[in-house]
Each structure stands twice: as structure tokens, then as C-alpha cells.
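Listed here are the chains, written in short residue letters.
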Amino acid sequence: MDKRVASIAEAVAGIPDGATVMIGGFGGSGAPVELIHALVDRFVATGSPKDLTIVNNNAGNGRVGIAALIDHGMVRKMVCSFPRSSDPRAFTEKYLAGEIELELVPQGTLAERIRAGGAGIPAFYTPTSFGTELARGKPVAEFEGRSYVQERWLKGDYALIKAEIGDPHGNLAYRMAARNFAPLMAMAAAHTVVQVTRLVPLGGIEPEAVVTPGIFVDAVVEASRPEQEEALVRAGTHYA
Amino acid sequence: MNIKLSNAQIAWRAAQDIADGAYVNLGIGFPEMVAKFQPAGRAAVFHTENGVLGFGEAPPEGQEDWDLINAGKKAITLKPGASFFHHADSFAMVRGGHLDVAILGAFQVAETGDLANWSTGPKGVPAVGGAMDLVHGAKHVAVVIDHLTKDGKPKLVQRCTMPLTGVGCVTRVYTSLAVVDIEGGRFVLREKLPAISLVALQSMTGAQLHQDGVIADLLVPDL
């Protein structure tokens, strides 16, 4: 078994128009910038993929990463908890013009819906959002005297995530707080594509240090000097 | 009457109630100041939604590591004993009753404990983040807040008129004038600035302030 892919372009080549793509990261921490930009490159060259539904905590920052996907008109819908950032122009302009759809999900509900999608749990009850406008239309049930809102699983056609270390089986370990949504998205997507900063041989990660077991991963590609989204935003980088 | 506490002083007062070893989540912005005022000899463990327990102050400028941030996307540092975890575990800590205290900002707090702190209405781009999760599960959900809005309206009200974050979730409010508990669907006044009369305080509050025993003086150092 070898899940290594030779190039970043090849790693994102199969993503079709209309796909739901889960993208790891919380702000710049864990954002798989190289995979996202490879998707932009493909779109610029071929006009595809477009009409994407993107799942991420945020909706892009500055003119790079997810914001570049939005700028290029590749995104039909965002599923996120917090579509604001230090420079939210890309999403804000399209949203206020009615050119992009938003499904706003409380952050913990977003995480749990993704986890449920990966764990084969079609729905669950959470106290979060009970009595608020974000619970509108959702079934409510009482357990032990408290009210809970039913939420449904969230699954992706693809997940694009970043890990610090990966091996050819797709076993992964992350760097600091960069793991955030990545282990959940790896579970919840039909095809999980990972950019790793360091690709190591089998046995190169201690089994006890593996955070995401390779069973959840389909493709691993090395990007040994990844860009940090926050640094790109601060430098005013525009990925066109 | 112009006498009121500064945000730093409100944060200081809230910090006095946090026990040694408590697991605490501080909301983005003003509530983050609470961490600065932990009493000597007490150390809380701070949680941030994006997957860190046991973080410390911001690093010096130029030494940021953008893989190590808090929920406000600000660079942080780690204290000995820190840990990392993914988002589902992070919110299990929140909803699962494992946090001792969550301290949040607010637009309005109702006497029922309802909280409005995420949306001012339908204009613009809505964003909720972790606010609706954080109000469920922590043993104490406290709010730090100016007693009045900028145009002089009470923030403590009978019923919230702004979009709700959570229903019946707030247990204590630290304002620029008073400390108020929420018990049985009522505001119970615990402390007030000595320079403000009960009548004046009530006139600046949108619901009845109840008394249950002694009302202590709200005494805070100059900061």
C-alpha cells in the first residue's frame, strides 16, 4: 500500500465541479495553502472545479487560500461558523451581492457534525443553539429535563488537510494547534488528500504518536516548505 | 453619575472569583483581559476552542508562531502542562460539563439568564463562532459587561430584544457598576459601587434588582 502522490497538482486533480470540499485549518493555523492554490491553478487553466461547497471554520482571509477560491468564483456555498477575519473582503463582497450561499453553523456543532459524518452517526442532539434563530426548523427533544436540538451529520466528497508528518499509509501527526478540524474532516470525506510537511518512511511515526490513522487518508503529498496563510495575509499577498 | 469601573477593573473583579486550578474559557476581546488579573497563588488553566489547554500570554512581536493561536486568531504561548486536541474534543470539553467557568461579553443579558452576544440583527455578514456552544456546559457562565450601552440604555433587561445566543444560561454578571447573580429567573444584586445608590442603580437596570442578604461594596483597585 502506498498513498503517496508525486505532485500537489495530481493530488487535487480528481475534484469535480459541484463537490463538497472540507478544508482544514482555523485561520492560518493548519490551512493547507499549497493544496488550495493547486485547486486555483487548475481552475485558471481548465475552468474546473467550480460550484464547490466549501466547509471550513472561516470563509477565507485576505486574497489567498479559501479567499482565493472565492475570488475566482469557484465557490457556490460556504459552510462555516465565522465568516469574518482581519480582511474578509472576498467573502463579504460576494455574500452581500448574493453570489455565494452561507450555511452558518455554531463552531462546536460544525465539529461534531463532521465527526458524526465520519463516525456513521446520521444525527445527534446538542444543547447548542436551542432557543436561537440557528435552531429554526430543527427537531427539538427533551432529555433529563433539558431541551436539545437535532443536528445532522456533515460529509464531504473531498477533504484537503495539512499535517506535519505523514507516512505512505497516510498515518498523520500534526503541529501544535494546526490539527483543529483536520482529524475530523479526514474521517468525514470520501477522499482525503493530505499535504505533509515531512513525508517519512513506514515506521517513521511512532504508533503512539499517530493522531490520524491512515485508514482515514487516501492521498499524501509532500509540501516541505508550506506557506503560512497568516504570514501571506500580513504580507498582502494576492494569489491570482 | 459618571463613576464606573473600566473594562480592566471589571475583568479584575471577575478574576477574583476564579479558583486555583479551574478550567476557564475566556471569550474573544474584553473577557481575555481576565487572565491578566489572576490573584497571586492561583493558577487557572485556560482553554481555547481551537484546541489548546494551558496557554499563556502573547509572545513578543516578531516571535509569533501562527500554528499556535487562540480562538481570536491571536498568537499565544504555552505553559508547562499544556495540551493540544482536535475540535470535537475541544467542544466536548465545553458542552460536556468539563469547564468550570466561561466568561463572555454581551449585548444584553435578561433576568431569565438569556444571553444575546452574537448578532446585532440581520444586516451584514452573520458570524457565530463558538458563542452558542460556550454558553452550555460550563459550571459557571459569567458575563463581563458595561452596565449601559453607549447611548445609555440598560444592558440588563427583562427580555433580550437582540438575537439570542442561549436561553437561561448566564449565572453571574460583572458590570461597570455591580455584580449581579441570576437565580430563579431574577437578578439578585450582590455588590455595587459604594458611590451609587440603590435607586440610581435600579434606574439604570432594565429589570428588577432583587436583594438576598447583604449587598457588599464593589471594591476594585485602580488599574
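Worth saying up front: this structure is predicted, and the values here are computed from it rather than measured. (Residues numbered from 1 in each chain as written. Chains lettered and ligands numbered in written order. Predicted model: local features only at pLDDT ≥ 70, side-chain atom pairs only at ≥ 80, totals over all residues.)

S.K.: How should the overall build of chain A be read in this particular structure?
M.R.: Helix and strand content of chain A: 7 helices and 11 strands. Computed over the C-alpha atoms, the radius of gyration of chain A is 18 Å, within 12% of the 18 Å expected from 2.2 N^0.38 for a compact globule of 240 residues. Each principal axis of the C-alpha atoms in chain A carries an extent, and together these give about 55 × 45 × 30 Å. Evaluated residue by residue, chain A yields a buried proportion of 53% over its 240 residues. (Helix = DSSP H or I, 4+ residues; strand = E, 2+ residues; numbered from the N terminus. Rg over C-alpha atoms; globule rule 2.2 N^0.38 Å. Buried ≥ 20, exposed ≤ 12 C-beta atoms within 10 Å, placed from the backbone.)

S.K.: Can you walk me through the interface of chain A and chain B in this structure?
M.R.: Accessible area lost on assembly of the parts is the figure often given for the size of an interface. Of the residues lining the interface, 39 residues belong to chain A; the matching set on chain B comes to 29 residues. The set of elements that each furnish at least two residues to the side of chain A that touches chain B consists of helix 4 (89-96), helix 5 (107-119), helix 6 (182-188) and helix 7 (229-234) of chain A. Looking at the side of chain A that touches chain B element by element, the count peaks at 6 residues for helix 5 of chain A. (Contact = placed C-beta atoms within 7 Å.)

S.K.: Whenever I open this one, the confidence of the model for chain B confuses me. Can you help?
M.R.: Atomic detail in the predicted coordinates should be set aside for any region of low pLDDT. Per-residue confidence for chain B averages 96 on the pLDDT scale, and 99% of its residues sit at or above 70. Under the prediction, the complex receives an ipTM of 0.97, its pTM being 0.97. (pLDDT = per-residue confidence, 0-100.)

S.K.: Whenever I open this one, the pairing of strand 1 (residues 23-26) of chain B confuses me. Can you help?
M.R.: Within a regular strand, side chains alternate between the sheet's two faces. All names here are of chain B. Here strand 1 runs beside strand 2 (residues 45-48); their pairing, made up of 3 bridges, is parallel. Its bridge partner being in strand 2, Val24 is matched across the sheet by Phe46. Summarising the sheet, strand 1 and strand 5 (residues 101-104) pair through 3 bridges and their orientation is parallel. Each residue of the ladder has a partner; that of Asn25, found in strand 5, is Ala102. (Pairing = 2+ DSSP bridges.)

S.K.: Mind showing me how you'd approach helix 2 (residues 33-46) of chain A here?
M.R.: All names here are of chain A. For helix 2, spanning 14 residues, the distance from its first C-alpha to its last is 20 Å, which sits close to the expected 20 Å at 1.5 Å a residue. Regarding helix 2, the residues found buried are Val33, Glu34, Leu35, Ile36, Ala38 and Leu39. Buried residues belonging to helix 2 abut helix 1 (8-11), strand 1 (20-23), helix 3 (66-71), strand 8 (156-166), strand 10 (189-199) and helix 7. With its phi angle positive at about 80°, Gly47 sits one or two positions after the end of helix 2. (Expected span 1.5 Å × (residues − 1).)

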